[in-house]
Amino acid sequence: MQKTLNILLPVLNEQYRLESGVRTLRAFMIEHNIPCILTIIDNGSTDHTQEIALSLADSGGGAMDYHDFDKSKSRNDGIKVDSSNEAQHLTNLAQDSRISKDAALCDEKTVQNRSFFSRAKSTSQVKSPIAIEYLRLNQKGVGLALQAGIDHNNSRKYKSAFIGYMDIDLSTNLCHLLEVYESLCAGSAVVVGSRLLQDSKVIGRSLKREIISRSLNAIIKATLHTSFSDAMCGFKFYQADIATLLRQKCSDDPSWFYCAQMLIQAQALGIEIEEIPVQWEDDSLGSKVQITNLARIYLKEIYRLRTLRQAILAHKHSKLPQNNAVK
């Protein structure tokens, strides 16, 4: 049975980037024969984002529209939804398998020795199914979008084996999805992209954003003794059961920091985090992240999570093999 990757795409007023981003991502997954559900999660857009997303969802097998996500809902309950169209979602094959030139240009080093995918493509003549979904929330916040996405996956009759999120501007080179999927299939619990490793490549980023990003990551490492290098990169993926466990452990923070909190909680639990260097290119339309406000939130939440420091240190100093299983 194929293991489906559920990619969450949080968006807010993305009418200019949404269609091209989804179509490019969809074509890439078809090209590389990876079974996938693309879930557009709208945090209350007021432009034409909803209209475009519904059109894309219709072309991909079905649309789902959520309002009033209840933050008080138990993290063990999830969101109850109608999954009667799930079979249609997973059997609907995209008609257009063309892929943009940029997405197709995978760095040779990224895919060398990746025989897993060459074997898959040579042994199967049937392209893996791609579904496109749309979820709408009435509140802003990437953290809220991730919580809703994880809950929604858990509500499926046949939930995706893997789940994660990436930015709709596709700043991270899509070829890294090949690494992510192979690692998850091989059993990795958490696979995240980093712009700060030796082999990472960052293009077009302003000096101000680079300094603030590096500073916040350094504060997280120094304060909490984490091992991962880049808590802020919008490219993080999990075994679905691991994501559910972290969802239960994390606070209901609606902000961007929720993404970092999941990694911090994972390390406190002794869950191994696999980092991969990524090629990352700043979008020409510019990021919508308000970096000053984000920095304030990060500093506040880092202080709040300082109690996890001892657990992280204990796992780092332990000589016992780490166990990633969810019990």
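Above this text sits the structure in question.
None of the values given here were measured: they were computed from a predicted structure.

Rules used in this analysis
- Residues numbered from 1 in each chain as written.
- Predicted model: local features only at pLDDT ≥ 70, side-chain atom pairs only at ≥ 80, totals over all residues.
- Heavy atoms only, no water.
- Helix = DSSP H or I, 4+ residues; strand = E, 2+ residues; numbered from the N terminus.
- Buried < 20%, exposed > 50% of the residue type's maximum accessible area, 1.4 Å probe, protein only.
- Contact = heavy atoms within 4.5 Å.
- Areas by Shrake-Rupley, 256 points an atom, 1.4 Å probe, with all protein chains shown as cover.
- Core = buried A, V, L, I, M, F, W, Y, C linked by side-chain atoms within 4.5 Å.
- Axes fitted to C-alpha atoms, helices over the stretch in contact; angles between N-to-C directions.
- Parallel < 35°, antiparallel > 145°, perpendicular 65-115°, else oblique.
- Left-handed = near helix turned anticlockwise from the far one by under 90°.
- Nonpolar A, V, L, I, M, F, W, Y, C, P; charged D, E, K, R; others polar.
- Pairing = 2+ DSSP bridges.
- Phe/Tyr/Trp six-rings, centres within 6.5 Å; stacked < 30°, edge-to-face > 60°.
- Salt bridge = Lys/Arg side-chain N within 4 Å of Asp/Glu carboxyl O.

Caption draft 1: Molecular detail of the overall build of the protein chain. Of the regular secondary structure elements, the protein chain holds 13 helices and 9 strands. Within the protein chain, the fraction of its 327 residues that count as buried is 53%. Across the protein chain, contacts joining residues at least 24 apart in sequence account for 86% of those joining residues at least 6 apart. Surface exposure of the protein chain reaches about 15,100 Å², of which carbon and sulfur atoms provide 50%.

Caption draft 2: Representation of the nonpolar core. Val190, Ile220, Tyr238, Phe257, Met262 and Ile264 are the most contacted members of the largest nonpolar core, which totals 44 residues. Listed by contribution, the elements that provide at least two residues to this core are β3 (130-137), α7 (142-155), β4 (162-166), β5 (190-194), α9 (207-224), α10 (240-249), α11 (257-268) and α12 (291-304). Apart from the residues lying within four places of it in its own chain, the contact partners of Val190 are Phe237, Tyr238, Ile242, Leu263, Ile271, Glu272, Ile273 and Glu274.

Caption draft 3: Quick look at the packing of α7 against α10. Between α7 and α10, whose axes approach to 10 Å, the crossing angle comes to 125 degrees. The orientation of α7 with respect to α10, classified from their angle, is oblique. The handedness of the crossing between α7 and α10 comes out as left-handed. Side by side, α7 and α10 meet where Gln147, Ile150, Asp151, Asn153 and Asn154 of the first sit next to Ala240, Ala243, Thr244 and Arg247 of the second. The class makeup of the residues in the contact of α7 with α10 is 3 nonpolar, 4 polar and 2 charged.

Caption draft 4: Structural detail: the environment of Glu281. For Glu281, the location among the structural elements is in strand β9 (residues 279-281). Taking C-alpha positions, Glu281 is 6.6 Å from Thr172, a pair spaced 109 residues apart along the chain. Non-local contacts of Glu281, meaning those with residues more than four positions away in its chain, are made with Ser171 and Ile203.

Caption draft 5: Quick peek at the sheet that holds β3. Within the open sheet, the 7 strands sit side by side as β3-β2-β1-β4-β7-β5-β8. Their pairing is mixed. Edge strands, defined here as strands with exactly one partner in the open sheet, are β3 and β8 (273-277). Across the sheet, the mean angle separating the axes of adjacent strands is 20 degrees when strand polarity is ignored. In this structure, β5 lies alongside β8, joined through 5 bridges in parallel fashion. In the sheet register, Val192 faces β8, and the bridge partner there is Glu275. Against the sheet, α7 contacts β1 (5-11), β2 (36-43), β3 and β4, and its axis sits at roughly 150 degrees relative to β1. Across the sheet, helix α8 (residues 176-185) is in contact with β1, β4, β5, β7 (235-239) and β8; its angle to β7 comes to roughly 20 degrees.

Caption draft 6: Inspection of the packing of α11 against helix α13 (residues 309-317) at higher detail. Viewed as axis vectors pointing N to C, α11 and α13 meet at an angle of 55 degrees, and their least axial separation amounts to 7 Å. Taken together, the axes of α11 and α13 lie oblique to each other. On α13, the residues that touch Ile264, Gln267 and Ala268 of α11 are Ala311, Ile312, His315 and Lys316. Tallied by class, the residues present in the contact of α11 with α13 amount to 4 nonpolar, 2 polar and 1 charged.

Caption draft 7: Here's a closer look at the packing of aromatic side chains. By the definition in use, this model includes 2 aromatic pairs. Ring centres of Phe162 and Tyr181 lie 5.8 Å apart, and the angle between their planes is 80 degrees; on these two criteria the pair is classed as edge-to-face. Of this pair, Phe162 sits in strand β4 while Tyr181 sits in helix α8, placing them 19 residues apart in sequence. For Phe162, a relative accessible area of 1% gives the class buried. In this structure Tyr181 comes out as buried when scored by relative accessible area, which is 6%.

Caption draft 8: Quick look at the pattern of salt bridges. For the coordinates displayed, the defined rule picks out 10 salt bridges. The partner of Arg17 in a salt bridge is Glu14, with the nearest N and O atoms 2.9 Å apart. Per residue, the accessibility class of Arg17 equals that of Glu14, and both read buried. Put simply, Arg247 and Asp252 hold a salt bridge, and the shortest N to O gap is 3.1 Å. Relative accessible area serves as the criterion here: at 22%, Asp252 is assigned to the partly exposed category. Several salt bridges converge on common partners, so that one network encompasses Asp151, Arg247 and Asp252.

Caption draft 9: View of the pairing of β3. Most of β3 sits inside the fold, with 8 of its 8 residues counted as buried. Of the pairings in the sheet, the one linking β2 to β3 comprises 8 bridges and is parallel in character. For Ile41, the partnering residue across the bridge sits in β3 and is Leu135.

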